[in-house]
Amino acid sequence: MKPSQSRFDHTRYQPFPAMKKTDRRWPDNTIEKAPLWCSVDLRDGNQALIEPMTVEQKCQLFQLLVNIGFKEIEVGFPAASTPDFDFVRKIIDDGMIPEDVTIQVLTQAREHLIARTFEALQGCRRAVVHVYNSTSKVQREQVFQRDRAGILAIAEEGARLVAAEAAKHPDTEWVFQYSPESFTGTEMDFAAEVCNAVMAIWQPTPEKPVILNLPATVEMSTPNIFADQIEWFIEHLDNRESAICSVHTHNDRGCAVAAAELAIMAGADRVEGTLFGNGERTGNMDIITMAMNLYSQGIDPQLDLSCSDEIIRIYTECTSLPVHPRHPWFGELVYTAFSGSHQDAIRKCLNQREEDDIWDVAYLPIDPADIGRDYQEVIRINSQSGKGGVAFVLEQEQGLQLPRWLQIALSAAVQSEAENASAEISANQIWDIFQKHFMPSNPNLQIGGYRLERKDGGEFVKVELITEKGTVTIARNGQGPMEAFASGLEQLGVQLDILDYSEHALGNGSNAKAASYVHASIDGQRFCGVGIDKDIVLASLKAILAAANQTTKHQMGNAISAA
Ligand SMILES: CC(=O)SCCNC(=O)CCNC(=O)[C@H](O)C(C)(C)COP(=O)(O)OP(=O)(O)OC[C@H]1O[C@@H](n2cnc3c(N)ncnc32)[C@H](O)[C@@H]1OP(=O)(O)O
Ligand SMILES: CC(C)C(=O)C(=O)O
């Protein structure tokens, strides 16, 4: 397409006007406690689904939200559809609403819809009735074709109708909520005028406040401008003490969480959002992200998000939407490091950690175990991985603590397998590679037994090797059994010098084994060998033989025939 024909033309758009606010205080504030949360999964989330939830699915998701700890849940728009109406009736009639949970329902500011909404709520112990009308310039002029006074009249009429219906049902404890929909596109003086007018009708008190919910129905600006709008709005409320200021941000620019966080800094008390940010277009504010952001700063989010997999399962079943593998905090891959330097840093930090330390691990903002994830997800191996990561996996899976020279040798072997396979290498594959390279079994060359005699100034070791040609006996003096055995291998034509050695116990108690690691030079070439046995001496002899076994079998075979 020629540039002149392109529709990709930024001059068709204009910048969102910044607020002329010179006395902003919110940038100096910090968030020190969780806001009041309201889940709107069953309403805003539901209205954005290709197939809205069935009553059964709504029941399942409602139960999950209750279990997580939400105390306010917007359960639907009962005047809009039969499933929403039936669901509200069901949770009331079947006593599914816990004492400490308040349901909320949405309605437009229209008489028949308000009447039907109250019908749905009959017999409810406590409910928030949420009425809204749109106030932005574009909505006023192009959708409603009314001036400011006309839009104000819709809001006032809605508020009056809600109050009148509520008065008919005094057995229910009513909470009123008003949203100037499209708040972000509304001139702030008009938003404040409408909300003050609604409050004047509802006559709230600090003991019985109303909820004023300020939606970024469409996210139109950077979050700092939203925070300015919230701070300005709150400063211009006639009766701030009698209002719970709530925000309801959408994610059109990808900043819904940031906008809600800055709004809290700017004075908002309450946040509406959904699990994983499901909602219209790019979605609502993601409550999981915002709550986990708080959690990771040492603030109790007042929601229990420990069962991440269960939350994902139910969410996915109810919405038919997937959770992105890189979704903040809960994605399948968000605690996984594939790259070598990240793995190395994670392993070093984890090894230095004491149980009660404040969490401070490079690349891991929280302990994945807090949300039910385990170490296997933390480090996964592919061709970008390094020695630290591979050693971590082997340590976790097999309990082996490899010395540095063996880490380097194993990493090279794993990397070459990963490159050949162009794929991830599992923990089992790493163990196979490790055994193949450093514990090669040779049925024609095994230790059949050994005898050790301690003498002054050294040890005498006699080792019986089972070979394809029969039993070969190696007998030598040395500083210790390893040195004696290593030098005895000369008998088989193998010139083996031990360059380095380490060992550790594997497990504990009577079933403990020893793991021995030998770094050897054989005929000028370097080899690593590993031996594992209940007998610590045998483990080290096996390690030497494993290193020797890596020289050409042909050469060893010839040597044995000659011995
Ligand atoms: C940003 C949000 O998420 S707001 C919530 C949006 N959610 C939904 O709309 C989901 C459920 N909605 C529905 O099922 C339907 O829209 C219903 C049942 C509520 C209403 O249906 P209908 O009246 O048939 O259709 P529709 O929604 O197109 O009606 C729009 C009319 O209501 C008016 N209207 C829209 N919103 C409001 C409001 N909040 N308050 C008062 N009037 C409103 C419009 O101006 C329009 O008036 P007009 O008929 O004179 O042109
Ligand atoms: C009804 C309001 C709160 C809404 O959903 C929105 O503006 O996004």
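Residues numbered from 1 in each chain as written. Chains lettered and ligands numbered in written order. Predicted model: local features only at pLDDT ≥ 70, side-chain atom pairs only at ≥ 80, totals over all residues.

Labelled according to an unreviewed UniProt entry, the protein chain appears under the name 2-isopropylmalate synthase, originating from Parendozoicomonas haliclonae. One UniProt comment on the protein chain, placed under Subcellular location (unreviewed entry), says "Cytoplasm". Per UniProt, the protein chain carries the Cofactor (unreviewed entry) text "Mg(2+)". (UniProt positions renumbered as here; feature names shortened; annotations may be inferred.)

Asks: Go over the environment of asparagine 196, please, and point to the residues and values.
Replies: Following the sequence through the fold, asparagine 196 ends up in helix H7 (residues 188–202). Judged by C-beta crowding, with 15 C-beta atoms within 10 Å, asparagine 196 ranks as partly exposed. In sequence terms asparagine 196 and asparagine 477 are 281 residues apart; their C-alpha atoms lie 98 Å from each other. (Helix = DSSP H or I, 4+ residues; strand = E, 2+ residues; numbered from the N terminus. Buried ≥ 20, exposed ≤ 12 C-beta atoms within 10 Å, placed from the backbone.)

Asks: How would you sum up the site of ligand 1? Please name residues and give values.
Replies: Around ligand 1, the structure places 15 residues, and the nearest of them are Ala80, Gln108, Ala109, Arg110 and Asn133. Going through the elements one at a time, helix H1 (41–47) and strand S4 (126–134) are the ones with two or more residues in the shell around ligand 1. Residues belonging to the shell around ligand 1 are distributed by class as follows: seven nonpolar, five polar and three charged. (Near = placed C-beta within 6 Å. Nonpolar A, V, L, I, M, F, W, Y, C, P; charged D, E, K, R; others polar.)

Asks: So what about the pairing of strand S6 (residues 210–216)? Which residues, and what values?
Replies: As a general feature of sheets, a regular strand has side chains that alternate between the two faces. S6 sits mainly inside the fold: seven of its seven residues count as buried. What you see with S6 is no split at all: Val210, Leu212, Leu214 and Ala216 on one side and Ile211, Asn213 and Pro215 on the other are buried throughout. Bridge count for strand S5 (residues 173–181) against S6 is two bridges, and the pairing is parallel. Bridge pairing links tyrosine 178 to leucine 212 in S6. Taking the sense of rotation as the criterion, the β-α-β connection linking S5, H7 and S6 turns out right-handed. Handedness of the crossover joining S6 and strand S7 (residues 243–249) through helix H8 (residues 223–235) is recorded here as right-handed. (Pairing = 2+ DSSP bridges. Right-handed = clockwise from strand over helix to strand, strands pointing away.)

Asks: Go over the site of ligand 2, please, and point to the residues and values.
Replies: Close to ligand 2 lie Asp44, Leu106, Tyr132, Ser179, Glu181, Asn213, Pro215, Thr217, His248 and His250. Breaking the shell around ligand 2 down by element, the ones donating at least two residues are S5 and S6. Of the residues in the shell around ligand 2, the class split is three nonpolar, five polar and two charged.

Asks: Tell me about the UniProt feature "binding site: Mg(2+)" (unreviewed entry) in the protein chain, and please be specific about residues and values.
Replies: Following the UniProt record, one finds the feature "binding site: Mg(2+)" (unreviewed entry) at Asp44, His248, His250 and Asn284. Sequence-wise these annotated residues cover 241 residues; spatially they are packed, their C-alpha atoms never more than 10.4 Å apart. Residue placement: aspartate 44 occurs in helix H1. Excluding anything up to four places from it in sequence, aspartate 44 contacts Thr274, Gly279, Glu280 and Asn284. Residue placement: histidine 248 occurs in strand S7. Given 28 C-beta atoms within a 10 Å radius, histidine 248 is considered buried. Excluding its chain neighbours within four sequence positions, the residues that come into contact with histidine 248 are Ser179, Asn213, Pro215 and Glu272. (Contact = placed C-beta atoms within 7 Å.)

Asks: Can you explain unusual backbone geometry? Please cite residues and give values.
Replies: The backbone phi angle of phenylalanine 276 is positive, close to 60°, even though this residue is not glycine. Judged by the 27 C-beta atoms lying within 10 Å of it, phenylalanine 276 is buried. Even without glycine at this site, tyrosine 363 takes up a positive phi of about 70°. As for its position among the elements, tyrosine 363 is in the loop between helix H12 (340–352) and helix H13 (375–378). The class for tyrosine 363 is partly exposed, based on 14 C-beta atoms found within 10 Å.

Asks: Got a sec to walk through the sheet that holds strand S10 (residues 458–467)? Specific residues and values, please.
Replies: Spatial strand order, S9-S10-S11: three strands in an open sheet with antiparallel pairing. Each edge of the open sheet is held by one strand with a lone partner, namely strand S9 (445–455) and strand S11 (470–478). Across the sheet, the mean angle from the axis of one strand to that of its neighbour is 15°, orientation sign disregarded. For S10 and S11, the ladder comprises nine bridges, and the chain directions are antiparallel. Bridge assignment links glutamate 464 to a residue of S11, and that residue is threonine 473. Contacting S9, S10 and S11, helix H17 (residues 481–488) crosses the sheet at an angle of about 125° to S11. (Axes fitted to C-alpha atoms, helices over the stretch in contact; angles between N-to-C directions.)

Asks: Requested: an account of the environment of phenylalanine 144, with residues and values cited.
Replies: Here phenylalanine 144 shows up in helix H5 (residues 137–144). Considering only alpha carbons, one finds phenylalanine 144 and serine 134, ten residues apart in sequence, at a separation of 8.6 Å.

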